[in-house]
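# An overview of the molecular structure
What follows is the residue order along each chain.
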Amino acid sequence: MNQISDKAELGTGVKLGFCVRIYDNVIIGDGSEIGDFCSIGHPTKNPAFKGKPVKISSSSLVRSHTVIYEGSSFEERLETGHHVVLREGTFAGKNLRIGNYSDIEGDCLIGDYCRFHGYVHIGKGSEIGSFVWIYSLVTLTNDPLPPSNIFRPVKIDDGAVLAVGVTVMPGSVIGKCALVAAGEKVSGVVRPARVYASGADEFIVARLVDWETGKRHPWMNHFAEAYPESARGAIEDLKAYVKVLCQLSKNK
Amino acid sequence: MNQISDKAELGTGVKLGFCVRIYDNVIIGDGSEIGDFCSIGHPTKNPAFKGKPVKISSSSLVRSHTVIYEGSSFEERLETGHHVVLREGTFAGKNLRIGNYSDIEGDCLIGDYCRFHGYVHIGKGSEIGSFVWIYSLVTLTNDPLPPSNIFRPVKIDDGAVLAVGVTVMPGSVIGKCALVAAGEKVSGVVRPARVYASGADEFIVARLVDWETGKRHPWMNHFAEAYPESARGAIEDLKAYVKVLCQLSKNK
Amino acid sequence: MNQISDKAELGTGVKLGFCVRIYDNVIIGDGSEIGDFCSIGHPTKNPAFKGKPVKISSSSLVRSHTVIYEGSSFEERLETGHHVVLREGTFAGKNLRIGNYSDIEGDCLIGDYCRFHGYVHIGKGSEIGSFVWIYSLVTLTNDPLPPSNIFRPVKIDDGAVLAVGVTVMPGSVIGKCALVAAGEKVSGVVRPARVYASGADEFIVARLVDWETGKRHPWMNHFAEAYPESARGAIEDLKAYVKVLCQLSKNK
């Protein structure tokens, strides 16, 4: 029932669901699983990526009804929800997790250990660091004068969190370990380790931190154990970074 | 063209579309219809529901490209839109209607006669009463310190209405017959029979009620005829409940 | 692997993907392409459109996992994203482009050269002019007392732009060449060539216009070249319309 191109390279132990289409130029790593009704290696008309391979690395899980274009690369343990769309020119690190109905529009860079929930729209050209959390219904835009051909994608630095329903306006930069509160429309630069929440003054994440109990922000303080051993060093670095900014804030 | 497990139990007159996959552990009631490209009984890795049956009761309509996990139960006349995802551990009463692209994340209880529109995200662990209306792009969250392992799902009582684009923050409780206005981010407790709308003071639904013409809130007053005869008693109870709160309010 | 009704009429050079279902009553024009896992001509229970044909005109591109109901009509060069739903009674002009996960609920009229991004919900009964741009997560509603049987769809005039996340409340009218800013909940009438943005006073688009550089609003001024030659006359008319309103505004 599947339609698998002869040119595709499938690793050892790859499992395919029902009615799966694998186009040419597809490389799937060992132990990965592709769900029912997926289209993998979907052709693009974009000349920069047309005919280029898509690499889905080992131990990945692509859930049903997902479309992944050619000309992209995902390191090990990619995990998608159902009905996801990943366009050409998406280059992502390891352990990327993407929720149901999310859409990465391509031409973008994504670091390691990022997690996006459902209905997330990553506009073309976005640059996203590592350990970035993006909640449901977040939109990263790129056109400052809609509609236009002006192209100002957004940049999200390591460890940042965008809560549910955030819209990031074109050209914005979200600093390292910053948090944008639910429903905000954020524009310009959000400084590192700050919380952006309208109505409230912008304040430093440090003030939310309870280093004793580890129960408050930043998330690296109370959620680090959700990551594999190999990720701990990088998380400790993020924690140290916020701690320094916290000290600086207290000294003022 | 379909792939139907031998272990599935299909009732009399069940209609299946094109390229339907029915996994093990599936029970489908008489006269139900499953659309094209659906995956029914999708396996879960959640040990609490792994290998448990999914029951789709009689006279149900599951539209195309929908995924329903094992370990769930839906009483008669379930009706889904296209591209819906229903995860394991969802226990719903009769006549649940869910719009296109909606996602119930599981471990949740839903009463009778609920209607959810499109792009609705019901976070894991939500508890929802009967006759609850949820409009497009509503999100029920459950994590108060995103990201964390703290788990505070929301609770929506009978007859409540959440208008388009509402975000219900973790741990919130929406009272019986309350209405949350379009676009609100609601947190904490919304008292029964109240309208929650920012900018305005919170006010009682009763003040919106025009019992003579039946043209205003609460919805039970002007929309009861859209329900089957068997549902009328429960609707009359909800109407009586709001009427009592209305009297109390006038007496103050 | 496809299931194509004998009664369907497919033009010359029509390309079909993998696992495509074409129901009865389908007319597809020359050179069009239908992606993997699409359901075209999906039956409706709506008596007004039941058994009526769906016409997808020439040079159209319908991307994977899309559902198009019977009883609709799309002029040449329809282009859909993935996972789109187009319900019965949708009558659209040429060059309609619709993004991933968008949903047109039917009984509606759409002009030429409209572009809708992803997760756009066009409520039943909406009337939309030509050259209308609708960005991600925009919802056109139609029920003023949700839930009710009262039906007040919205009307969007030629050249209007709805930015990301806009909710258009029931019965609203968005004037010719008006722009609604990101995230707004808009109600009532937005006058032609105005920008609607809360917090700011409503102001005329003309004040944003830089006729010398062509780099600002209205979009017709800096983006006309994105349309085919045949569309230029209509775009010049829209530009002239805004220019007149601009003069009137200056004279006041």
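Here is a short report on the structure shown in this document.

Procedures and definitions
- Residues numbered from 1 in each chain as written.
- Chains lettered and ligands numbered in written order.
- Predicted model: local features only at pLDDT ≥ 70, side-chain atom pairs only at ≥ 80, totals over all residues.
- Heavy atoms only, no water.
- Helix = DSSP H or I, 4+ residues; strand = E, 2+ residues; numbered from the N terminus.
- Buried < 20%, exposed > 50% of the residue type's maximum accessible area, 1.4 Å probe, protein only.
- Contact = heavy atoms within 4.5 Å.
- Areas by Shrake-Rupley, 256 points an atom, 1.4 Å probe, with all protein chains shown as cover.
- Lys, Arg positive; Asp, Glu negative; His and termini not counted.
- Charge placed at Lys NZ, Arg CZ, Asp CG, Glu CD.
- Phe/Tyr/Trp six-rings, centres within 6.5 Å; stacked < 30°, edge-to-face > 60°.
- Buried area = accessible area lost by both parts, 1.4 Å probe.
- Salt bridge = Lys/Arg side-chain N within 4 Å of Asp/Glu carboxyl O.
- Polar contact = N/O pair within 3.5 Å; in protein donor to acceptor, adjacent residues only side chain to side chain.
- Nonpolar A, V, L, I, M, F, W, Y, C, P; charged D, E, K, R; others polar.
- Pairing = 2+ DSSP bridges.
- Least-squares fit on C-alpha atoms with pLDDT ≥ 70 in both.
- Disulfide = S-S within 2.5 Å.

### Considering the overall build of chain A
- Within chain A, the regular secondary structure consists of two helices and 31 strands.
- Principal-axis analysis of the C-alpha atoms places the extent of chain A at approximately 65 × 45 × 25 Å.
- Taken over 252 residues, chain A has a buried fraction of 61%.
- Taking the contacts inside chain A whose residues are at least 6 apart along the sequence as the reference set, 26% of them involve residues at least 24 apart.
- For chain A, the computed accessible surface area is about 9,500 Å², with 49% contributed by carbon and sulfur atoms.
- Averaging the locations of the 28 positively and 28 negatively charged side chains of chain A gives two centres separated by 4 Å.

### Here's the deal with the packing of aromatic side chains
Residue and element names in this part refer to chain A.
- Under the defined criterion, the tally for this structure stands at 42 aromatic pairs over all chains.
- Centre to centre, the rings of Tyr101 and Tyr119 are 5.0 Å apart; their planes meet at 5 degrees, and the pair counts as stacked. Linking Tyr101 in the loop between β15 (97–98) and β16 (103–104) with Tyr119 in the loop between β18 (115–116) and β19 (121–122), this pair joins segments that are 18 residues apart in sequence.
- Residue Tyr101 is classed as buried on the basis of its relative accessible area of 0%.
- Accessibility expressed as a relative area gives 1% for Tyr119, which makes it buried.
- Between Tyr113 and Phe131, the ring centres sit 5.1 Å apart and the planes meet at 15 degrees, which makes this aromatic pair stacked.

### What about the interface of chain C and chain A?
- If you look at the interface, chain C gives 31 residues, while chain A gives 37 residues.
- Both sides together, the interface formed by chain C and chain A hides about 2,500 Å², and carbon and sulfur atoms give 63% of it.
- Among the residues chain C hides against chain A, the three largest losses belong to Phe18(C), Tyr101(C) and Tyr119(C). Together they make up 20% of the total.
- Counting every contact that joins chain C to chain A gives one salt bridge.
- Summed over the shared surface of chain C and chain A, the number is 14 residue pairs in polar contact (both at pLDDT 80 or more).
- Its residues assigned to classes, the side of chain C that touches chain A comprises 16 nonpolar, nine polar and six charged.

### Re the sheet that holds strand β11 (residues 72–74) of chain A
- Across the sheet, which stays open at both edges, the 10 strands sit in the order β2-β5-β8-β11-β14-β17-β20-β23-β26-β29 (chain A) with parallel pairing between neighbours. This sheet does not close on itself; its edge strands, each paired only once, are β2 (9–10) and β29 (189–190) of chain A.

### Remarks on the relation of the copies chain C and chain A
- Between the two copies, chain C and chain A, the superposition gives an RMSD of 0.0 Å; the rotation angle is 120 degrees and the shift along the axis is 0.0 Å. Considering both components of the superposition, the chain copies are consistent with a three-fold axis.

### What to know about the state of the cysteines
- Counted according to the given criterion, the structure contains zero disulfides over all chains.
- Unpaired in this structure, Cys177(A) has its nearest cysteine sulfur neighbour in Cys114(A), at a distance of 12 Å.
- The closest cysteine sulfur to the non-disulfide-bonded Cys38(C) is located on Cys19(C), 11 Å from its own sulfur.
- By relative accessible area, which is 0% here, Cys38(C) ends up buried.

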